Amino acid sequence: MVEPNDQCRTHGPQKGTSKGGVVMTTQVNETELEAQFADTISRKDRIEPRDWMPEKYRKTLVRQVAQHAHSEIIGMQPEGNWISRAPSLRRKAILLAKVQDEAGHGLYLYSAAETLGATRDELTEKLIAGKQKYSSIFNYPTLSYTDVGTIGWLVDGAAICNQVPLCRTSFGPYGRAMIRICKEESFHQRQGYELLMTMMRGTEEQRASVQESVNRFWWPSLMMFGPPDDDSPNTEQSMEWGIKTHTNDELRQKFVDMSVPQAEALGVTFPDEGLKWNEERGHYDFSTPDWDEFWAVVKGNGPCNEQRVAHRKRAWDEGAWVREAALAFAENSAADTENTAAEEAAK
Ligand code: FAQ
């Protein structure tokens, strides 16, 4: 386990000043460190891995960043399922690139978690043991190639709504990872919308397939934003710490407002009779998602939970030799570099 806060934990809080090559250290008490942390947060500045941070802040971040990383990796499965059955070479190339991007997103996020002292091995093992979560949306099946388009449009669309504000999250490595991820998610959303638009210009059967797929993914997409604010135990503290900058309901509303005109342009409807423009609020009203279904899926009882985790476990077990080989190669390369440096120095 990496311990980025080791300095603080083992030697006690200290401030270092260099004077004529001698490092002077002064003890700084916990209250002062907390005040510095609060000041950084209130200035909307970044907390960096080597900065002092409250243990609960670190734990909350590890929880959220790990869940986010797991979602990207588990999220490769529903669409990956269709790579070998893509309808054309062009669609196959697009889908391959997208699924590969999700793997990259997972890696940036595991790296961000690593700066907080949580290794990728440790987090993956927790995921496989059911001790950490991943997004509910990936526990729904992809029943047709049309679902690839719907996931791009709605699921990546919801991910963008949630993730653009995270570019300004208070923890530096997380925010910086999100900037790159959001750029790629925006391409993902457009490819999904373009796929659906192409199908809507096709046959009656293709149009029906788009509507059927949208009907299945609409409610699970709304659930991606998490439980309603009055049932969200983490939001208040995460907002105080600047980890989250918007509540779950605010982002869900933003997503609905953004998606309705896109659906109209596409020529599909959302399966919600309560969906209406509210002039007074300046937003669309919509019905309440089925929160019992949401919690059932989050607790492991969705249509594909077992399958998703079993697949992840299989991939992790089968990849053990690759990780071992990569580690051995890195160690040998480091030893070679050291030997070469020693030989050069001896000349
Ligand atoms: N699914 O108190 P809150 C993507 C849990 S990436 C499962 O509101 P918080 C890209 C929550 O963890 C999608 N569990 O929690 C892609 C907590 O449980 P815990 C992932 C959920 O953290 C596209 C409990 O419920 N994105 O799609 C969900 O303040 C296509 C109480 O909830 C992120 O992870 C859920 N939907 O807010 C890839 C974004 N919602 O941990 C492939 C970053 C809530 O206390 C293909 N994360 N829970 O045991 C966040 O913004 C937040 O963590 C929320 C939840 C908003 C998800």
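Residues numbered from 1 in each chain as written. Predicted model: local features only at pLDDT ≥ 70, side-chain atom pairs only at ≥ 80, totals over all residues. Heavy atoms only, no water.

Quick word on the overall build of the protein
The number of helices and strands found in the protein is 14 helices and four strands. The C-alpha extent of the protein, read off along each of the three principal axes, is 80 × 55 × 35 Å. Within the span of the protein, comprising 347 residues, buried residues form 46% of the whole. About 18,300 Å² of surface is accessible on the protein, with carbon and sulfur atoms providing 54% of the total. Side-chain charges of the protein comprise 40 positive and 52 negative groups, with the mean position of each set lying 2 Å from the other. (Helix = DSSP H or I, 4+ residues; strand = E, 2+ residues; numbered from the N terminus. Buried < 20%, exposed > 50% of the residue type's maximum accessible area, 1.4 Å probe, protein only. Areas by Shrake-Rupley, 256 points an atom, 1.4 Å probe, with all protein chains shown as cover. Lys, Arg positive; Asp, Glu negative; His and termini not counted. Charge placed at Lys NZ, Arg CZ, Asp CG, Glu CD.)

Here's the deal with the nonpolar core
Within the largest apolar cluster, 46 residues are counted, with the highest numbers of intra-cluster contacts made by W153, L154, W218, F255, L266, V268 and F270. Those elements that place two or more of their residues in this core are α5 (89-114), α7 (146-163), α8 (172-200), α9 (204-223), α11 (248-266) and α12 (291-301). Residues contacting V268, with those up to four places away along its chain left out, are W153, M200, V210, Q211, V214 and A263. Core analysis: the second largest hydrophobic core is formed by 30 residues, L123, L166, I181 and I243 among them. (Core = buried A, V, L, I, M, F, W, Y, C linked by side-chain atoms within 4.5 Å. Contact = heavy atoms within 4.5 Å.)

Topic: the pattern of salt bridges
By the definition in use, this model includes 16 salt bridges. A salt bridge links R207 to E204; its shortest N-O distance comes to 3.2 Å. Remark: E204 and R207 occur in helix α9; sequence separation between them is three residues, near one turn of the helix. Classification of R207 by relative accessible area gives partly exposed; the value is 28%. (Salt bridge = Lys/Arg side-chain N within 4 Å of Asp/Glu carboxyl O.)

Looking at the site of the ligand
Of all residues adjacent to the ligand, which total 36 residues, the nearest are Q67, K133, S232, K244 and N248. The contact in question runs from an oxygen atom of the ligand to an N or O atom on the side chain of R63, over 2.8 Å. With respect to the ligand, the side chain of K244 contributes an N or O atom lying 2.6 Å from an oxygen atom. In isolation the ligand exposes 1,100 Å². Once the protein is present, 92% of that is buried. Top contributing element to the shell around the ligand by residue count: helix α3 (residues 55-74), with six residues. (Near = heavy atom within 4 Å. Polar contact = N/O pair within 3.5 Å; in protein donor to acceptor, adjacent residues only side chain to side chain.)

Comments concerning the packing of α3 against α5
The interhelical angle for the contact between α3 and α5, taken along N-to-C directions, is 160 degrees, at an axis separation of 8 Å. As the angle between them shows, α3 and α5 are arranged roughly antiparallel. With respect to the hand of their crossing, α3 and α5 are arranged in left-handed fashion. Contacts between α3 and α5 involve V65, H68, A69, H70, E72 and I73 from the first element and E102, A103, H105, G106, L109, Y110, A112 and A113 from the second. Considering only residue class, the contact of α3 with α5 consists of eight nonpolar, four polar and two charged. (Axes fitted to C-alpha atoms, helices over the stretch in contact; angles between N-to-C directions. Parallel < 35°, antiparallel > 145°, perpendicular 65-115°, else oblique. Left-handed = near helix turned anticlockwise from the far one by under 90°. Nonpolar A, V, L, I, M, F, W, Y, C, P; charged D, E, K, R; others polar.)

Remarks on the environment of M197
Positionally, M197 belongs in helix α8. Apart from residues lying up to four places away in sequence, M197 is in contact with A265 and L266.

What about the layout of surface pockets?
Size it by volume and the second largest pocket reaches roughly 360 Å³. Taken together, 19 residues line the second largest pocket, and the ones lying closest to its centre are I73, M76, Q77, H311 and A315. Within the residue set of the lining of the second largest pocket, elements represented by two or more residues are α4 (76-80), α5 and α13 (305-318). Top contributing element to the lining of the second largest pocket by residue count: α13, with six residues. (1 Å grid on protein atoms, 1.4 Å probe; cavity = no way out; pocket = protein on both sides within 12 Å on 5 of 7 lines; lining within 4 Å. Points joined across faces, edges and corners; volume = space filled by probe spheres on them.)

Looking at the packing of aromatic side chains
This model, assessed by the stated rule, comprises twelve aromatic pairs. With 6.2 Å between their ring centres and 85 degrees between their planes, F37 and W52 make a pair best called edge-to-face. Of this pair, F37 sits in helix α2 (residues 30-42) while W52 sits in the loop between α2 and α3, placing them 15 residues apart in sequence. Comparing F37 with W52, the two get one shared label, buried. Chaining the aromatic ring pairs together yields one cluster made of W153, Y193, W218, F225, F255 and F270. (Phe/Tyr/Trp six-rings, centres within 6.5 Å; stacked < 30°, edge-to-face > 60°.)

Structural notes on α3
When the terminal C-alpha atoms of α3 are compared, their 28 Å separation across 20 residues agrees well with the 28 Å that a helix rising 1.5 Å per residue should span. Of all the 20 residues making up α3, 15 are buried; the element is thus mostly covered by neighbouring parts of the structure. (Expected span 1.5 Å × (residues − 1).)

Let's talk about the confidence of the model for the protein
Chain-level pLDDT for the protein is 92 on average; 92% of the residues reach the 70-or-more range. Note that pLDDT drops below 50 for residues 1-24; the model gives that stretch 41 contacts with residues more than four away or on any other chain. (pLDDT = per-residue confidence, 0-100.)

A closer look at unusual backbone geometry
When glycine is set aside, most residues are seen to have a negative phi, and most peptide bonds are trans. Here K44, not a glycine, exhibits a phi torsion of approximately 60 degrees, which is positive. Inspection of the secondary structure puts K44 in the loop between α2 and α3.

Remarks on the side chain of Q64
The residue Q64 is located in helix α3 in this model. A relative accessible area of 14% places Q64 in the buried class. A distance of 3.3 Å separates a polar atom in the side chain of Q64 from a polar atom in the side chain of Y174.

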